[in-house]
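Inside the fold
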Amino acid sequence: MNRRAIVCGSVAVVVGMALIWFGTPQILAAQSAGAATPAPAPAKVTIGAKPVKSSTAASSNRAAAPSAPQLISVGPVTDVDVHKAFGSKTAPVIMEVFSDFQCPACKTLYLATNRQTMDNYVSTGKVYLIHRDFPLPMHAHSKVAASYARAAAHIGKVEPVEQALFENQEKWEATGDVDGTVAAVLSAAEMKKVRDLVKAGTLEPLIEKDVVLGKIHNVNQTPTTVFYAKGQTYPYAGQISYEFLKQFLDQLLAQK
Amino acid sequence: MMQSSPMNFRRVVIWIGRLVLAGIFIYAGYAKLTMGMHPRPPIGVALTFFQLSVDSYQILPPWGVQFVAKTLPFAEIALGVLLLIGFGLRIWATLITLLIVGFFAAVLRAYLLHMQINCGCFATPEPVTLQKVFEDGALAALAILMTVFAFIEARKPHPWSSESGAEKASA
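About the criteria used
- Residues numbered from 1 in each chain as written.
- Chains lettered and ligands numbered in written order.
- Predicted model: local features only at pLDDT ≥ 70, side-chain atom pairs only at ≥ 80, totals over all residues.
- Heavy atoms only, no water.
- Helix = DSSP H or I, 4+ residues; strand = E, 2+ residues; numbered from the N terminus.
- Buried < 20%, exposed > 50% of the residue type's maximum accessible area, 1.4 Å probe, protein only.
- Contact = heavy atoms within 4.5 Å.
- Pairing = 2+ DSSP bridges.
- Expected span 1.5 Å × (residues − 1).
- Axes fitted to C-alpha atoms, helices over the stretch in contact; angles between N-to-C directions.
- Core = buried A, V, L, I, M, F, W, Y, C linked by side-chain atoms within 4.5 Å.
- Buried area = accessible area lost by both parts, 1.4 Å probe.
- Salt bridge = Lys/Arg side-chain N within 4 Å of Asp/Glu carboxyl O.
- Polar contact = N/O pair within 3.5 Å; in protein donor to acceptor, adjacent residues only side chain to side chain.
- Patch = residues over 30% accessible without salt bridge, like charges linked within 9 Å, V, L, I, M, F, W, Y side chains within 5 Å.
- Areas by Shrake-Rupley, 256 points an atom, 1.4 Å probe, with all protein chains shown as cover.

1. Section: the overall build of chain B
The secondary structure content of chain B amounts to 6 helices and 0 strands. Sequence-ordered secondary structure for chain B, helices as α and strands as β, is α-α-α-α-α-α. Across the 171 residues that make up chain B, the buried fraction comes to 45%. Excluding contacts between residues fewer than 6 apart, the proportion of contacts in chain B whose partners are at least 24 apart in sequence is 68%.

2. Digging into the environment of I152 of chain B
With respect to the helices, strands and loops of the structure, I152 of chain B is situated in helix α5 (residues 130–155). As a C-alpha pair, I152 of chain B and R10 of chain B span 142 residues in sequence and 8.6 Å in three-dimensional space.

3. Description of the pairing of strand β7 (residues 232–237) of chain A
All names here are of chain A. Along β7, 5 of the 6 residues are buried, which leaves the element largely enclosed by surrounding structure. Sheet topology places strand β6 (residues 224–229) next to β7; 6 bridges connect them, and they run antiparallel. Paired with Y228 across the two strands is T233, which belongs to β7. What sits between the antiparallel neighbours β6 and β7 is a turn of 2 residues, in which K230 has the positive phi angle 50°.

4. So, helix α4 (residues 142–154) of chain A
Helical periodicity: at 3.6 residues per turn, an α-helix aligns residues three or four positions apart in one direction. Between its first and last C-alpha, α4 of chain A extends 18 Å over 13 residues, near the 18 Å set by a 1.5 Å rise per residue. A positive phi of about 80° marks G156 of chain A, the residue just after α4 of chain A.

5. Considering the sheet that holds strand β5 (residues 127–133) of chain A
Residues and elements named next belong to chain A. Taken together, 5 strands build an open sheet; the order of strands is β3-β5-β4-β6-β7 and the sheet is mixed. Each edge of the sheet is formed by a strand with only one pairing partner; in this case those strands are β3 (85–86) and β7. Judged from the 6 bridges that link them, strand β4 (residues 93–99) and β6 form a sheet pairing that is antiparallel. In the strand pairing of β6, F98 is matched with T224. Sitting on the sheet, helix α3 (residues 104–122) touches β3, β4, β5 and β6, and the angle it makes with β4 is about 160°.

6. Quick look at the nonpolar core
Generally speaking, soluble globular proteins have nonpolar side chains that are buried together. Of all hydrophobic cores here, the largest spans 34 residues; its most connected members are M95, F227, Y234, F248, L249 and L252 of chain A together with F49 of chain B. Listing elements by their share of this core, those giving two or more residues are β4, α3, β5, β6, β7 and α10 (242–254) of chain A together with α2 (43–56) and α3 (62–85) of chain B. If we ignore the near neighbours within four places in the chain, the residues touching L249 of chain A are V93, M95, T117, Y121, V127 and F227 of chain A. In this structure, Y57, L79, A110 and L142 of chain B belong to the second largest nonpolar core, which totals 32 residues.

7. Re the interface of chain B and chain A
Accessible area lost when the parts come together is the quantity often used to give the size of an interface. Of the residues lining the interface, 40 residues belong to chain B; the matching set on chain A comes to 38 residues. Between chain B and chain A the total buried area reaches about 3400 Å² when both faces are included, carbon and sulfur atoms providing 69% of it. Of all residues in chain B, the largest losses of buried area upon contact with chain A belong to L52, Q116 and P125 of chain B, amounting jointly to 20% of the total for that side. Seen at the junction of chain B and chain A, the total is 0 salt bridges. Linking chain B with chain A are 4 residue pairs in polar contact (both at pLDDT 80 or more), by the criterion used here. Elements with a minimum of two residues in the side of chain B that touches chain A: α1 (9–34), α2, α3 and α5 of chain B. Here the side of chain B that touches chain A gets 9 residues from one element, more than from any other, and that element is α2 of chain B.

8. What to know about the environment of K215 of chain A
Residue and element names in this part refer to chain A. Take K215: it is sitting in helix α9 (residues 204–216). We classify K215 as partly exposed; its relative accessible area is 45%. Each C-alpha atom, one on K215 and one on Q247, is 28 Å from the other, the two residues being 32 residues apart in sequence.

9. Some words on a nonpolar patch on the surface
There is a patch of nonpolar side chains on the surface, built from M7, W15, L19 and L84 of chain B and spanning about 390 Å² of accessible area. Of note, L19 of chain B is situated in helix α1.

10. With respect to the side chain of Q221 of chain A
Among the secondary structure elements, Q221 of chain A is positioned in the loop between α9 and β6. Residue Q221 of chain A is classed as buried on the basis of its relative accessible area, which comes to 8%.

Structure, rendered in structure tokens:
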């Protein structure tokens, strides 16, 4: 083995390893930067910022009349649409879920994990759960589904509509009939309000705002869940089983 | 008579493997325990957070997930340090190779099954992509080469041993 071959081989291996190492997405920088990372040209959204007194979105059947979009800040989390947030705003742990109605993993997360979390942590005031819309461009109907779900949230029907959309995901994914899926769980009067809101497009900026926030958090897949507790941020991408989520939440809640 | 170590190709690969893999292992273990945060979260929080990633591969039963999540970060740091020290190199190189091949198999399986999961390699959100599969494959190849070469080199007399010793060893 001559010396030149050894040197060339070594250099090639080192350069290759360096390319592999530094070629990965800049996760660490994104992590350390957190919410302070500049947003990729966020769209300017005109929205109301008046805080609301209601502590939960799910618990109340809100006035049927479409209300102006209201965004609040809860702890370190800004631009929270109270209609898509659940639990006590003073909860020690905040869970922010970036989700796409057409993504199978989001369906699993919603049906298998988040509903139990709602029952055992959100309704008991331990966790404040924020649902962010992050419709992926690769999914043809997810933006429409997000619009319907957002409109339903603004007439106080977020839970039945989200549940219907996730449970019937395969059906409306194949047919594109989001409207019919939502109509199946709402009354005619409610459905009219939802359709009016979707048609008016007044809630679209809220979805766009969620997408911008997701990009700030470097969300590159759905579902992505960001946990906030004791001033620290824990982003997690992918499915979560309830058993291990429970252990993690218990650890967060046990922190002094 | 003492002489300098001749750096043949195998020895170069062993050295590169030791440095690269030890660095990655120590960093990966440290990242899992600190999650890149300042101040770092309690160890219990970090380890239960890592459990989410281990579980998402859907390979291990719950007790296996807990065992791996609670021991792997410490094992990675320990193996990285031992690999750097180099004493008992073949043992540590073999263990690290087995681990890396295991990681590679898990990541490849997740990629082929289109699992939308978090790699969990460095306790940060990182989807399992083709690039990640290649990264792990390259590391596995390096680890295998390093280990095989370490065994081959160990059969030869050490270049720093005395000539008489070397002759005895060769005889």
